[in-house]
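# Fold and contact review
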Amino acid sequence: LEFKCASGIGYSNGEPRIGNEWDQWNQKMTATNSCKQATVQMNQELLTDIGNSDELLTCSHCRQPMRPNVLMFHDTDENVLKEIYSQRERYQTWESLVEEKVATNGGKFVILEMGCGVNVPAVRQESEEVLLDCAKEIQLQPASDGSVCMIRINPKDAKVEMS
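Residues numbered from 1 in each chain as written. Predicted model: local features only at pLDDT ≥ 70, side-chain atom pairs only at ≥ 80, totals over all residues. Heavy atoms only, no water.

With that settled, consider the overall build of the chain. Counting its secondary structure elements, the chain contains five helices and seven strands. Overall, the chain shows an N-to-C arrangement of helices and strands of β-β-β-α-α-β-α-β-α-β-α-β. Rg of the C-alpha trace for the chain: 21 Å, well past the compact-globule value of 15 Å for 163 residues, more than 25% over. The contacts in the chain between residues at least 6 apart in sequence include a share of 64% that link residues at least 24 apart. Only carbon and sulfur atoms are counted for the fraction: they give 53% of the accessible area of the chain, which is about 11200 Å². The averaged location of the 25 negative side-chain charges in the chain is 1 Å from the averaged location of its 16 positive side-chain charges. (Helix = DSSP H or I, 4+ residues; strand = E, 2+ residues; numbered from the N terminus. Rg over C-alpha atoms; globule rule 2.2 N^0.38 Å. Contact = heavy atoms within 4.5 Å. Areas by Shrake-Rupley, 256 points an atom, 1.4 Å probe, with all protein chains shown as cover. Lys, Arg positive; Asp, Glu negative; His and termini not counted. Charge placed at Lys NZ, Arg CZ, Asp CG, Glu CD.)

Time to look at the sheet that holds strand β1 (residues 2-5). Read across the sheet, three strands follow the order β4-β1-β5 without closing on themselves; strand pairing throughout is antiparallel. The open sheet terminates on both sides in strands that have one partner only, identified here as β4 (39-41) and β5 (66-68). Pairs of neighbouring strands in the sheet enclose a mean axial angle of 30 degrees, with direction left out of account. Pairing geometry for β1 and β5, over three bridges, is antiparallel. Within the sheet, the bridge partner assigned to Cys-5 lies in β5 and is Met-66. (Pairing = 2+ DSSP bridges. Axes fitted to C-alpha atoms, helices over the stretch in contact; angles between N-to-C directions.)

Here we come to the environment of Glu-78. Looking at the secondary structure, you find Glu-78 in helix α4 (residues 78-105). Sequence separation of Glu-78 and Asp-23 is 55 residues, and the distance between their C-alpha atoms is 17 Å.

This brings us to the side chain of Glu-99. Its place among the elements puts Glu-99 in helix α4. Look past the residues within four positions of Glu-99 in its chain and what remains in contact with it is Val-130, Asp-133, Cys-134 and Glu-137.

Let us now look at a nonpolar patch on the surface. A contiguous nonpolar surface patch, about 480 Å² in accessible area, is contributed by Val-110, Leu-112, Met-114, Ile-151 and Ile-153. Elements supplying a minimum of two residues to the nonpolar patch: β6 (108-114) and β7 (147-153). Looking at the nonpolar patch, the element that brings in the most residues is β6, giving three residues. Positionally, Ile-153 belongs in strand β7. We classify Ile-153 as partly exposed; its relative accessible area is 43%. (Patch = residues over 30% accessible without salt bridge, like charges linked within 9 Å, V, L, I, M, F, W, Y side chains within 5 Å. Salt bridge = Lys/Arg side-chain N within 4 Å of Asp/Glu carboxyl O. Buried < 20%, exposed > 50% of the residue type's maximum accessible area, 1.4 Å probe, protein only.)

Right, let's get into the pattern of salt bridges. Tallying each qualifying case throughout the model produces two salt bridges. The partner of Glu-128 in a salt bridge is Arg-152, and the shortest N-O contact between them spans 3.0 Å. In this pair, Glu-128 is assigned in helix α5 (residues 122-139) and Arg-152 in strand β7, connecting sequence segments 24 residues apart. With a relative accessible area of 9%, Glu-128 lands in the buried category.

Set out below in structure tokens:
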């Protein structure tokens, strides 16, 4: 798990967030450009140190709290979003390459989805979208002997929505 400086959470699309709590947060921020690059990799030693302390993990540049480098609901932290957008672009490039290789080189592609429920359906929807996209790519290649299938492991919600 990776952590990033949380100094950017007081802004959304470059504008300060509205409200007394956000005003107070932004006033005490002394973030630097280095904060935007600051990351800490969690390891067993650091986890033990933090677990045995009342202290928060803080940025080495501004001494403000750090946060997990993951996308959270309604997230606007530009420190995190920039990297996530970059990762999303790399993923989309990889996905297109896989779909093309399966279709043109007769590849066999299995999408294995484990434990993805319906409360937060993003992963389920992405799996289904990749399945459909890959199947369409195979159909566009009349001589292709490529194949794609999805295995969804979920005892309660195994149904695949095909639209």
